[in-house]
Amino acid sequence: MILAGLTLEELENLMSELGATKFRAKQIHNWIYSKSVSSIDEMTNLSKDFREQLKSIASVTDTQIKIKQVSKDGTIKYLIEYPDGECVETVLMRFDNRANLTACVSSQVGCAVNCSFCATGKGGFRRNLTYKEIIEQVLTIQRDTGLKVTNIVFMGQGEPLLNLENVLKALELFNNDFQIGARRITISTSGIIPGINRLADSDLQSTLAISLHAPTHDLRKQIMPIENKYPLNDLKNALLNYINKTGRRITIEYILIHGFNDMPQAAKELVYFLKDLKCNINLIPYNSVIENDYKKPSVNDTMKFKYLLEHSGKKVTVRLERGADIDAACGQLRGRA
Ligand code: SAH
Ligand code: SF4
């Protein structure tokens, strides 16, 4: 049996089966989620005999770090392997404020959405991750660095809203077991309307981020095949409904691709599309992916685009590129060595 991924209640049930006290469950819980140990032997406040008993039926984890790469900006990328041999990538980002450690987690092995600018989509879809496999990514980071993750973004491989059951269960564990507040968690989606509707009806405090990337149906469908299934008009209605029901501000993500969607005309169309949406905008200068020939926007065009959006009264940030030297930046994760 694997202990990582068990809730306090599940650990208490296990302890009662083993004839141990509830307090042992608390101790083990603390070793798993706060101290992030990788073996039962490290749980030094349990008696040796009890550790042996526990070891005969359980271990802490069954995932492994296959490759670890450290970027010159401090970003760390892990290739993690699950027992069935499937791998995903997880990225740890440190921002200037050292107190903030953000884990970028994957929700699926591969992705079926197949956006033209993204490396993950290129390998196709392999399978969903279970909630235990999702939280193992954060535990892996904590075990390896000895640090506690403070923020989580579902911006790794996969489409979280196509694996919503497991994502929601992982969120519960992040909240209750890792003590990472829902407000410190962001879920990013390519615009899966049924998933957005489900989130609208839940009282989740996390941030919803939408990968919009183009302001019109014709432009968006050239880079995101999902636009044919969930077109912008319908997406807009789903977002209005979400904002209306939850009262929450959403984040709009927009990749700037040189000569495709970074022109002033596109900025004006985007302002029009967003005009009655309560949102912040995150501009992501395109990161190069070998399989295509899109180009990065110039700094000048990026600033002009930002200015036009700000002029409409929205808050706009330009995402800092992290870990590009180790292919850990947005869209560069592919889940293999
Ligand atoms: N599947 C979800 C979650 C992944 S998030 C989604 O698409 O929202 C990954 C973010 O990085 C998304 O906003 C995605 O559109 C963006 N991205 C993908 N490829 C990129 C690239 N080559 N350069 C910059 N950003 C990219
Ligand atoms: Fe999938 Fe997101 Fe990549 Fe599109 S950008 S292929 S939805 S992971």
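Residues numbered from 1 in each chain as written. Chains lettered and ligands numbered in written order. Predicted model: local features only at pLDDT ≥ 70, side-chain atom pairs only at ≥ 80, totals over all residues. Heavy atoms only, no water.

Let's shift gears to the overall build of the protein. If you tally the helices and strands in the protein, you get twelve helices and twelve strands. Whereas a compact globule of 337 residues would reach a radius of gyration of roughly 20 Å, the protein reaches 21 Å, a difference of no more than 12%. Dimensions of the protein, computed from the C-alpha atoms along their principal axes, are close to 70 × 40 × 35 Å. Expressed as a percentage of its 337 residues, the buried residues of the protein come to 53%. Partitioning the intrachain contacts of the protein with sequence separation of at least 6 by distance along the chain shows that 65% fall at a separation of at least 24. With an accessible surface of roughly 15000 Å², the protein has 50% of that area assigned to carbon and sulfur atoms. (Helix = DSSP H or I, 4+ residues; strand = E, 2+ residues; numbered from the N terminus. Rg over C-alpha atoms; globule rule 2.2 N^0.38 Å. Buried < 20%, exposed > 50% of the residue type's maximum accessible area, 1.4 Å probe, protein only. Contact = heavy atoms within 4.5 Å. Areas by Shrake-Rupley, 256 points an atom, 1.4 Å probe, with all protein chains shown as cover.)

Domain annotation of the protein identifies domain 1 (8-55) and domain 2 (64-336). Between the C-alpha centres of domain 1 and domain 2 the distance comes to 35 Å. Counting residues at the interface gives eight residues for domain 1 and eight residues for domain 2. For the pair domain 1 and domain 2, the summed buried area comes to about 660 Å², and 50% of that belongs to carbon and sulfur atoms. On the domain 1 side of the contact with domain 2, H29, Y33 and S36 bury the most area, a combined 65% of that side's loss. At the boundary of domain 1 with domain 2, the tally comes to zero salt bridges. Counting across the interface, domain 1 meets domain 2 through four residue pairs in polar contact (both at pLDDT 80 or more). The leading source of residues in the side of domain 1 that touches domain 2 is helix α2 (residues 22-33), at three residues. (Domains from an automatic or database assignment. Buried area = accessible area lost by both parts, 1.4 Å probe. Salt bridge = Lys/Arg side-chain N within 4 Å of Asp/Glu carboxyl O. Polar contact = N/O pair within 3.5 Å; in protein donor to acceptor, adjacent residues only side chain to side chain.)

Surveying the vicinity of ligand 2 reveals the residues C111, V113, N114, C115, F117, C118, G121, G158 and S190. The class makeup of the residues in the shell around ligand 2 is five nonpolar, four polar and no charged. (Near = heavy atom within 4 Å. Nonpolar A, V, L, I, M, F, W, Y, C, P; charged D, E, K, R; others polar.)

Which parts of space are left empty comes out when a probe the size of a water molecule is rolled across the atoms. Evaluation of the coordinates by the stated rule reveals one cavity of 30 Å³ or more. The volume enclosed by the largest cavity comes to roughly 60 Å³. Residue lining of the largest cavity: I187, L199, S202, D203, L204, S206, T207, L208, Y242 and T246, and that is the complete set. Secondary-structure elements contributing two or more residues to the lining of the largest cavity are β9 (207-211) and α10 (232-246). Considering only residue class, the lining of the largest cavity consists of five nonpolar, four polar and one charged. (1 Å grid on protein atoms, 1.4 Å probe; cavity = no way out; pocket = protein on both sides within 12 Å on 5 of 7 lines; lining within 4 Å. Points joined across faces, edges and corners; volume = space filled by probe spheres on them.)

Neighbouring residues of ligand 1: 21 residues in total, closest F117, S188, S211, H213 and N287. Measuring from an oxygen atom of ligand 1, one finds a side-chain N or O atom of H213 at 2.5 Å. N287 places a main-chain nitrogen or oxygen 2.9 Å from a nitrogen atom of ligand 1. Surface burial for ligand 1 is 95%, taken as the share of its 530 Å² of free accessible area covered by protein chains. Looking at side-chain class alone, the shell around ligand 1 contains ten nonpolar, nine polar and two charged residues.

Next up on the list: the layout of surface pockets. As a volume, the second largest pocket reaches approximately 190 Å³. Surrounding the second largest pocket, 15 residues form its lining, G123, R126, R334, G335 and R336 being those nearest its centre. The set of elements that each furnish at least two residues to the lining of the second largest pocket consists of β5 (108-110) and α4 (119-122). Considering each element in turn, the lining of the second largest pocket owes the most residues, three residues, to α4.

It is worth spelling out the packing of helix α6 (residues 164-176) against helix α7 (residues 193-200) at this point. Here α6 crosses α7 at 35 degrees, and the two axes come no closer than 12 Å. Classified by chirality, the crossing of α7 by α6 is right-handed. Two secondary-structure elements touch here, α6 through L164, E165 and L168 and α7 through G195, R198 and L199. For the contact of α6 with α7, a count of residues per class yields three nonpolar, one polar and two charged. (Axes fitted to C-alpha atoms, helices over the stretch in contact; angles between N-to-C directions. Left-handed = near helix turned anticlockwise from the far one by under 90°.)

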